[in-house]
Amino acid sequence: MAGSSRTTPLIAVLMGGPSSEREVSLSTGRGCAEALRGEGYGVVEIDCGPDLPMRLSDLKPDVCFNALHGRWGEDGCVQGLLEWLRIPYTHSGVLASALAMDKARTKDVYRAHGLPVAESRIVSKAQAVAAHVLPPPYVIKPNNEGSSVGVYLVAEGANAPPPLSETMPDHVMVEAFVKGRELTCSVMGDGPGQPGALTVTDIITDGWYDYDAKYKPGGSRHVVPADLPKPIFDACMDMSMTAHRALGCRGVSRTDFRWDEGQGLAGLILLETNTQPGMTPTSLTPEQAALCGFDFGALCRWLVEDASCDR
């Protein structure tokens with residue numbers, strides 16, 4: 001965090017916004033704001049809208065804590081605004097945010113660094129509903145949204161693709177479904193003295209790990225650290241670190257995996273990297289950080305102290 005003329009640094013927590021993940025962002029932002037107040041910071045909560053540049057120019061915060069999720073807040077847009085205003089901010093910068101938000105380009109980066117991915121294609125919405133683009137089972141999802149927003153699982157043996165909601169974009173990703181366990185690993189920085197890869201969580205649900213499973217109490221059960229064979233656990237840690245560096249992430253990121261136990265290490269597949277993992281009461285990254293000695297307040301403080309421009 002850059003030096004400040006204030007006795008108590010002023011943190012603007014950016015939250016809400018217009019994306020499909022608005023409600024999750026509001027929950028994340030409120031929780032982080034409360035934690036930062038507990039750490040002794042002055043905090044202003046900002047529900048982001050078109051007047052954000054004016055509000056920030058008037059407020060002149062020492063740091064923007066980016067608690068936005070989804071488009072505009074997680075895809076490089078607000079990061080570019082903060083660079084323009086020269087306000088230090090948390091999490092990843094413009095390029096890493098834009099890359100990680102675009103699932104197809106993320107896979108290009110993964111492949112270039114030898115990381116395993118599932119087969120996928122970007123097709124028009126019309127193509128996706130007209131006929132099977134891939135043999136079932138497969139998944140249809142937006143290419144640039146998170147939190148399992150608008151994800152359709154097409155089961156094995158399905159006669160035809162499902163109708164897609166009007167809110168789905170004109171082009172979607174169709175991705176081969178990878179069976180197995182849902183695993184995830186968070187990274188806290190990769191510089192000298194920074195924690196790096198934290199640990200691995202095994203996410204257990206009754207069905208698909210969808211939006212409700214992620215954010216509703218009781219929607220999923222988290223086993224942390226995951227009870228995995230050491231080679232699989234270590235591979236998740238190493239691959240998460242590689243993904244974080246390859247995409248150019250800063251601050252905290254979280255990489256998600258599927259693991260087909262029957263295939264051993266060959267069954268471990270990267271799904272995506274989230275540059276702004278959720279920080280709600282049911283979220284994965286705060287659980288992992290706590291296991292590594294960072295309670296919620298300490299995690300938020302670490303993010304503020306890591307904040308900068310030119311990320």
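Look up a bit, the structure's there.
Residues numbered from 1 in each chain as written. Predicted model: local features only at pLDDT ≥ 70, side-chain atom pairs only at ≥ 80, totals over all residues. Heavy atoms only, no water.

## Details of the nonpolar core
In this structure, L183, V200, L228, F257 and L268 are the most contacted members of the largest nonpolar core, which totals 26 residues. Mapped onto this core, the elements with two or more residues apiece are α4 (94-101), α5 (103-112), β8 (181-188), β9 (196-204), α8 (230-247), β11 (252-259) and β12 (268-274). Examining the composition of this core, we find that nine residues originate from one element, α8, more than from any other. Discounting residues that sit within four places of it in the chain, V200 has contacts with L183, T184, C185, V223, V224, P225, A226, L228, F233, C236, M237 and Q288. (Core = buried A, V, L, I, M, F, W, Y, C linked by side-chain atoms within 4.5 Å. Buried < 20%, exposed > 50% of the residue type's maximum accessible area, 1.4 Å probe, protein only. Helix = DSSP H or I, 4+ residues; strand = E, 2+ residues; numbered from the N terminus. Contact = heavy atoms within 4.5 Å.)

## Quick word on α8
End to end, α8 covers 26 Å across 18 residues, agreeing with the expected 26 Å (1.5 Å per residue, within 8%). Taken together, the buried residues of α8 touch α4, α5, β8, β9, β11 and β12. In the segment just after α8, G248 is the residue with positive phi, at about 80°. (Expected span 1.5 Å × (residues − 1).)

## Let's talk about the packing of helix α1 (residues 22-38) against helix α10 (residues 296-306)
Packing of α1 against α10 brings their axes to within 9 Å, and their N-to-C directions diverge by 90°. Judged by the angle between their axes, α1 and α10 are roughly perpendicular. Judged by residue contacts, G31, C32, A35 and L36 of α1 engage F296, G297, C300, R301 and V304 from α10. In the contact of α1 with α10, the residues fall into six nonpolar, two polar and one charged. (Axes fitted to C-alpha atoms, helices over the stretch in contact; angles between N-to-C directions. Parallel < 35°, antiparallel > 145°, perpendicular 65-115°, else oblique. Nonpolar A, V, L, I, M, F, W, Y, C, P; charged D, E, K, R; others polar.)

## Here we look at the pattern of salt bridges
Between side chains of opposite charge, a pair can form when the charged atoms approach closely. Scanning the model with the defined rule gives 19 salt bridges in all. Measuring nitrogen to oxygen at the nearest pair gives 2.6 Å for the salt bridge that ties D202 to R181. In this pair, D202 sits in strand β9 while R181 sits in strand β8, placing the two residues 21 residues apart along the sequence. Salt bridges linked by common partners bring E39, R301 and E305 together as one network. (Salt bridge = Lys/Arg side-chain N within 4 Å of Asp/Glu carboxyl O.)

## Comments concerning unusual backbone geometry
Residue P136 is joined to P137 through a cis peptide bond whose omega torsion reads 5°. One can find P137 in the loop between α6 (125-130) and β5 (138-142). Here the bond from V224 into P225 is cis, since omega is 0°, no more than 30 degrees from zero. Here P225 lies in the loop between β10 (221-223) and α8. For W72, which is not glycine, the phi dihedral falls at a positive 75°. Relative to the helices and strands, W72 resides in the loop between β3 (63-66) and α3 (77-85). One non-glycine residue with positive phi stands out, namely H91, at about 65°. On the secondary structure map, H91 appears in the loop between α3 and α4.

## Brief notes about the pairing of β5
With five of five residues buried, β5 lies mostly within the body of the structure. Burial along β5 is two-sided: Y138, I140 and P142 facing one way and V139 and K141 facing the other are all buried. The pairing of β5 with strand β6 (residues 152-154) spans three bridges and is classified as antiparallel. From the neighbouring strand, I140 faces β6, where its bridge partner is Y152. In this sheet, strand β7 (residues 171-176) lies alongside β5 in antiparallel orientation, the contact comprising five bridges. If you follow Y138 over to β7, its bridge partner there is A176. (Pairing = 2+ DSSP bridges.)

## Quick notes on the packing of helix α2 (residues 52-59) against α3
The contact between α2 and α3 brings their axes to 11 Å, and the two run at 35°. At the point where α2 passes α3, the crossing takes the right-handed sense. The segment α2 lies against α3, with L52, P53, L56 and S57 engaging V78, L81, L82 and L85. (Left-handed = near helix turned anticlockwise from the far one by under 90°.)

## So, the state of the cysteines
As enumerated under the stated definition, the model contains zero disulfides in all. Cysteine C185 remains unbridged, with the sulfur of C236 as its closest cysteine sulfur at 6.9 Å. For C185, a relative accessible area of 0% corresponds to the buried category. Distance from the sulfur of C309, which forms no disulfide, to the nearest cysteine sulfur (C64) is 9.3 Å. Using a relative accessible area of 15% as the deciding quantity, one classes C309 as buried. (Disulfide = S-S within 2.5 Å.)

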